[in-house]
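# Geometric and topological summary
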Amino acid sequence: MSPAPGLRFAPYERRQNKRFPITAQSQYILGGNRAKATTLDISSGGVFLKAEKSLPVGKQIQVLIDWPALLDQRCPLRLVITGRVLRSDSAGTAVGIIRYEFRIRPKSAAPFAA
Amino acid sequence: MSSPTVLVLDGELGFVFALSMELSKRHISVFPARTAREARSTITRFRLRPDTLVVNCSSPGACALAQDLATQHKGIRVVAITSARFQCKQCADRIAASLRDSEDASPLGIPHCADIIEALVKQSRQAGGS
């Protein structure tokens with residue numbers, strides 16, 4: 001469907017796999033081991049993060065990120081991304097997103113930023 | 001009084017995350033949903049009464065969800081966002097008619113989006129008496 005007559009749009013696709021620079025404390029689980037990381041950017045297709053070491057390309061990985069707001073000011077959420085390591089070097093690790101979901105963060109689990 | 005709440009229906013993870021970060025600085029809670037079905041489930045699960053609904057026009061069922069919530073919740077404001085084209089002619093016509101200046105169709109940055117949403121949340125709470 002074409003846009004309505006008279007309605008002009010910016011000459012570029014605004015948000016197709018656009019990377020949003022987002023720095024957030026996170027953790028990843030790879031091969032059963034959990035470690036800390038920091039996100040550098042997030043898009044609909046992937047997340048780029050900085051870990052303490054390079055990660056093996058091709059491996060499945062789970063990235064956990066605290067959602068930036070409480071639901072109704074009381075209920076903490078955690079974003080759980082399941083993906084695959086696409087590349088990893090000194091600049092960071094690119095993870096292609098297979099799927100993601102939101103989970104209630106258990107009250108016993110401390111926030112990553114703490 | 002419940003806290004200001006925004007339901008965001010959009011599959012663009014980076015956008016929703018960035019918007020949530022910005023709105024959390026303004027003490028506005030954001031409930032994310034990727035699909036209209038997930039949005040309805042979230043509303044039921046958390047007994048949610050959103051002040052503002054932000055929907056990506058390309059999300060299937062977004063228009064019906066907006067209409068349902070507008071019927072159920074007095075004063076709710078709806079923000080329709082789009083990146084390329086409208087799925088729904090009714091939405092396209094309505095938005096085209098509301099634009100006095102075609103430059104209004106230019107992309108907005110996250111802080112600007114948050115400014116608009118914050119203002120609409122305040123309007124909604126005044127209109128809804130919540």
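Residues numbered from 1 in each chain as written. Chains lettered and ligands numbered in written order. Predicted model: local features only at pLDDT ≥ 70, side-chain atom pairs only at ≥ 80, totals over all residues.

Residue and element names in this part refer to chain B. Residues at a pLDDT of 70 or more form 79% of chain B, whose mean pLDDT is 82. At the low end of the mean pLDDT range in chain B sits helix α4 (residues 89-98), at 69; at the high end sits strand β1 (residues 5-9), at 93. As scored by the predictor, the complex reaches a pTM of 0.78 and an ipTM of 0.76. (pLDDT = per-residue confidence, 0-100. Helix = DSSP H or I, 4+ residues; strand = E, 2+ residues; numbered from the N terminus.)

In this section: the confidence of the model for chain A. Interpretation of the predicted coordinates at a detailed level should be avoided for regions scoring low in pLDDT. Averaged over every residue, the pLDDT of chain A is 83; the share at 70 or more is 82%. Confidence drops under pLDDT 50 across residues 1-15 of chain A; counting only partners more than four residues distant or on other chains, this segment forms 29 contacts. (Contact = placed C-beta atoms within 7 Å.)

For the rest of this paragraph, the subject is the sheet that holds strand β2 (residues 33-42) of chain A. Taken in spatial order, the six strands close into a barrel running β1-β2-β3-β6-β5-β4 (chain A), and their pairing is antiparallel. In this sheet, neighbouring strand axes are inclined to one another by 45° on average, regardless of whether the strands run parallel or antiparallel. Here nine bridges tie strand β1 (residues 20-30) of chain A to β2(A), and the two strands are oriented antiparallel to one another. Within β2(A), the position partnered with Ala24(A) by the bridge is Thr39(A). Strands in contact with helix α1 (residues 13-24) of chain B are β1, β2 and β6 (92-104) of chain A; relative to β1(A), the strand with the most contacts, it is inclined by about 110°. (Pairing = 2+ DSSP bridges. Axes fitted to C-alpha atoms, helices over the stretch in contact; angles between N-to-C directions.)

Residue and element names in this part refer to chain B. When helix α3 (residues 62-72) is considered as a whole, its buried residues turn out to be Ala62, Leu65, Ala66 and Leu69. Viewed end-on, α3 has its buried residues packed into an arc of 100°, placing them on one side of the element. Relative to its buried face, α3 has exposed residues pointing more than 90 degrees away, namely Ala64, Gln67 and Thr71. If you follow the buried residues of α3, they end up packed against β1, α2 (36-45), β3 (52-56) and β4 (77-81). (Buried ≥ 20, exposed ≤ 12 C-beta atoms within 10 Å, placed from the backbone. Arc of directions from axis to C-beta.)

This part covers the sheet that holds β1(B). Residues and elements named next belong to chain B. In space, the four strands of this open sheet follow the order β2-β1-β3-β4, with parallel pairing throughout. Only two strands of the sheet have a single neighbouring strand rather than two, namely β2 (29-33) and β4. Each neighbouring strand pair of the sheet contributes to a mean axis angle of 15°, computed without reference to strand direction. Across five bridges, β1 lies against β2 in parallel orientation.

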